[in-house]
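Remarks on the overall topology
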Amino acid sequence: MADGLTAALDKMRADGASDVAIETFRHYYERLASGETGTIGEDEIEPVGDLPAAEDLPDPGEAGLEALHKAVMIRLNGGLGTSMGMTGPKSLVEAKDGLTFLDVIVRQVLGVRERHGVRLPLVLMNSFRTREPSLKALERYPELDVGLPLDFVQGRVPKIRADDLAPVEWPADPELEWTPPGHGDIYTSLMTSGMLGTLLDRGFEYALMANSDNLGAVLDPRVLAWFAREELPFAMEVLRRSPADRKGGHIARRSGGGLVLRESAQVRDEDQDAFQDVERHRYFNTNNLWVNLRTLREVLGERDGVLGLPMIVNRKTVDPSDSSSPAVFQLETAMGAAIDVFEGAAALLVGRPRFAPVKTTNDLLVLRSDAYELDEEYAVELAAARRGEPPFVDLDPDNYKLLPDFDLRFENGAPSLVACDRLTVRGDVGFGRDVVVRGDVTIEHPGHGRLMIEDGTVLSG
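Now for a look at the structure at hand. Numbers given to residues run from 1 along each chain, matching the order in which its sequence is written. Two thresholds apply to this predicted model, a pLDDT of at least 70 for residue-level local features and 80 or more for giving and counting side-chain atom pairs, whereas whole-chain, interface and lining totals are computed over all residues. For the side-chain quantities, the full set of heavy atoms in the structure was used; hydrogens and water were omitted.

**Here's the deal with the packing of helix 2 (residues 19-33) against helix 6 (residues 185-192)**
Note on geometry: axes are C-alpha line fits, over the in-contact stretch for helices, and angles between N-to-C directions span 0 to 180 degrees. Helix and strand assignments follow DSSP, with helices taken as H or I runs no shorter than four residues and strands as E runs no shorter than two, numbered in order from the N terminus. Between helix 2 and helix 6, the least distance of the axes is 9 Å, while the angle of their chain directions is 155°. Between helix 2 and helix 6, the crossing angle belongs to the class labelled roughly antiparallel. For the crossing formed where helix 2 meets helix 6, the hand is right-handed. In this structure, helix 2 contributes V20, A21 and T24 to the contact, and helix 6 contributes T188, M191 and T192. Note on terminology: angles under 35 degrees are roughly parallel, angles over 145 are roughly antiparallel, angles of 65 to 115 are roughly perpendicular, and the others are oblique. Handedness of each helix crossing follows the sense of rotation of the near helix against the far helix: counterclockwise by less than a right angle gives left-handed, clockwise gives right-handed. Whether two residues are in contact is decided by their heavy atoms, any of which lying within 4.5 Å being enough.

**What to know about helix 4 (residues 101-116)**
A helix is expected to span 1.5 Å multiplied by its residue count minus one. Across its 16 residues, helix 4 extends 23 Å between first and last C-alpha, which sits within 8% of the 22 Å expected from 1.5 Å per residue. Relative accessibility decides the category of a residue: with a 1.4 Å probe and only protein chains considered, values under 20% of the type maximum give buried, values over 50% give exposed, and everything between is partly exposed. Within helix 4, twelve of the 16 residues are buried, leaving the element largely enclosed by the surrounding structure. Looking at helix 4, one finds that the buried residues are F101, L102, D103, V104, I105, V106, Q108, V109, L110, G111, V112 and R113.

**Brief notes about the sheet that holds strand 15 (residues 312-317)**
In spatial order, the strands read 8-16-15; together these three strands make up an open sheet with antiparallel pairing. The sheet is open, and its two edges are formed by strand 8 (160-161) and strand 15, each paired on a single side. Lying over the sheet, helix 2 contacts strand 8, strand 15 and strand 16 (327-332), oriented at roughly 130° with respect to strand 16. DSSP bridges decide pairing: two strands pair if at least two such bridges lie between them.

**Considering the packing of helix 1 (residues 2-14) against helix 2**
Where helix 1 contacts helix 2, the axes come no closer than 10 Å and their chain directions differ by 155°. In this view, helix 1 runs roughly antiparallel relative to helix 2, as classed from their interaxial angle. For the element pair helix 1 and helix 2, the recorded crossing hand is right-handed. On helix 2, the residues that touch G4, L5, A8, L9, M12 and R13 of helix 1 are A21, I22, F25, R26, Y29 and E30. Residues are grouped as follows: nonpolar covers Ala, Val, Leu, Ile, Met, Phe, Trp, Tyr, Cys and Pro; charged covers Asp, Glu, Lys and Arg; every other residue, Gly included, is treated as polar. A class-by-class count of the residues in the contact of helix 1 with helix 2 yields eight nonpolar, one polar and three charged.

**Comments concerning the pairing of strand 2 (residues 71-77)**
Among the seven residues in strand 2, seven count as buried, and that is most of the element. Residues of strand 2 alternate between two faces, with A71, M73, R75 and N77 on one and V72, I74 and L76 on the opposite face, all of them buried. Pairing between strand 2 and strand 10 (residues 206-211): six bridges, direction parallel. Directly across from R75, in strand 10, lies its bridge partner A210. Bridge count between strand 2 and strand 5 (residues 122-126): five bridges; the pairing is parallel. By the bridge assignment for strand 5, R75 is matched with L124.

**Structural notes on unusual backbone geometry**
Non-glycine residue N287 carries a positive phi angle of around 65°. Relative to the assigned elements, N287 resides in strand 14 (residues 283-292). Judged by its relative accessible area of 6%, N287 falls in the buried class. Positive phi values are uncommon outside glycine, yet D304 reaches one of about 55°. If you trace the backbone, D304 turns up in the loop between helix 10 (293-302) and strand 15.

**Looking at the sheet that holds strand 25 (residues 458-460)**
Pairing in this open sheet of four strands is parallel, and the strands run 20-21-23-25 from one edge to the other. Bordering the open sheet on either side are strand 20 (392-395) and strand 25, each of which pairs with just one other strand. Between one strand axis and the next, the sheet turns through 40° on average, direction left out of account. As paired elements, strand 23 (residues 436-445) and strand 25 share three bridges and run parallel to each other. Along strand 25, the bridge assignment pairs R438 with S460.

**Some remarks on a negative patch on the surface**
On the surface, a cluster of negative charge is made up of D370, E373, E376 and E381. Relative to the elements of secondary structure, D370 occurs in the loop between helix 11 (361-368) and strand 18 (372-374). Patch membership requires more than 30% relative accessible area and the absence of a salt bridge. Residues of like charge join within 9 Å; the nonpolar side chains Val, Leu, Ile, Met, Phe, Trp and Tyr join within 5 Å. Each accessible area is a Shrake-Rupley result for a 1.4 Å probe, and residues are judged covered by the shown protein chains and nothing else. A side-chain nitrogen of Lys or Arg and a carboxyl oxygen of Asp or Glu constitute a salt bridge if their distance falls within 4 Å. Charge counting follows a simple rule: Lys and Arg are positive, Asp and Glu are negative, and His as well as the terminal groups are ignored. The location of each charge is read from NZ of Lys, CZ of Arg, CG of Asp or CD of Glu.

**Quick look at the pattern of salt bridges**
Taken as a whole and judged by the stated rule, the model has 29 salt bridges. Between E36 and R31 there is a salt bridge, with the nearest N and O atoms lying 3.2 Å from each other. For E36, a relative accessible area of 35% translates into the label partly exposed. Taking relative accessible area as the criterion, R31 reaches 17% and is therefore assigned buried. A salt bridge links R280 to E42, with the shortest nitrogen-to-oxygen separation between them at 2.6 Å. Highlighted residues: R280 in the loop between helix 9 (272-275) and strand 14 and E42 in the loop between helix 2 and strand 1 (45-46), separated in sequence by 238 residues. Each of D43, E44, R254, R268 and D340 takes part in salt bridges that share partners, so that together they form one network.

Structure (structure tokens):
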């Protein structure tokens, strides 16, 4: 195993990784080699009781405005949307009303600046693959410039063979020998890129970090004022779990009282029932996270740059499209797991409008439809008629999973879903203009060729 670690560290050095990134990888490799699985047992945690709610927070006041002058928006922008067949940045896909995810995010940031007279920066955490096209897209917005870099780049680590823990070799495509170390790498990359020091030197102290595919994660001055007033080191926005959320990660309490995030990959087989019990574990992570940058620098300094987040061991094949390729471990961390690291970290219950992620084309169709609206502040909100719940969409993966196939079948625009409870589509079905879906509708087309739903059709069920 020692030879495997040496080979992995040498590979990272040759790739130009920083000393801190190398030591962080060593930390997790040694935990893996010692037999750790990264699981969090049900017997190690307790459910979380009642939490403070964002809807009960007071107006931000002068203290909130002062905190806004010290705030920065950081968006995770390393995703390629590979699950939807994409090879470019997911944030450059059209999200709503002809605007990409990145277009909407920029308008959200500029809107906060205009309304409050602050210098709120937007900073992206890019990957090597997303950096160039994303920065190119931002050239359309010179007003974003506040004298700070617009991005920093996420690191990468070797995939480890499952049989002997050596770094995998895959000459057919050497890029597949590497993997991002999970979005928990944001803390390491903030430090090693110099971005953390730059932000603090410029007087920025509070960061809202969120995924670029969640357009509900606008900067709420009331939440920022609460975070600053309580002098919190770290806070996570959470939602009440519903049966639809039962397989998503939830928060819990360690036996010592601190909060912890447990992801699905960290659950033992015998704990699956408890993990999916939404009445027992009531809250899930939105990945809208607030961090005090000054405290982050202090904690990283105390730990020699290795934050020590809980480990996630993802079991994959080196080529995800080839199940016969060698089995590998991908050592990852989740950025929300930092709630377990910062003493005094907190969780805040928020409403559904702050969580509108797009992970599949099902989600994208709902977002593009009239079930969601863009308000004057470019926040994405469910239409009032939805009463806080989005419609459920289940499209045939053989025909809609990949974005080019999806766009072809909805080239006339998304159907109206504002009055839809559930839409299920099986087979090859295209949609004309101004199609309306109401109630619970299932469309099945088992035959060959494409069934076209005519312009103006109203589907009710």
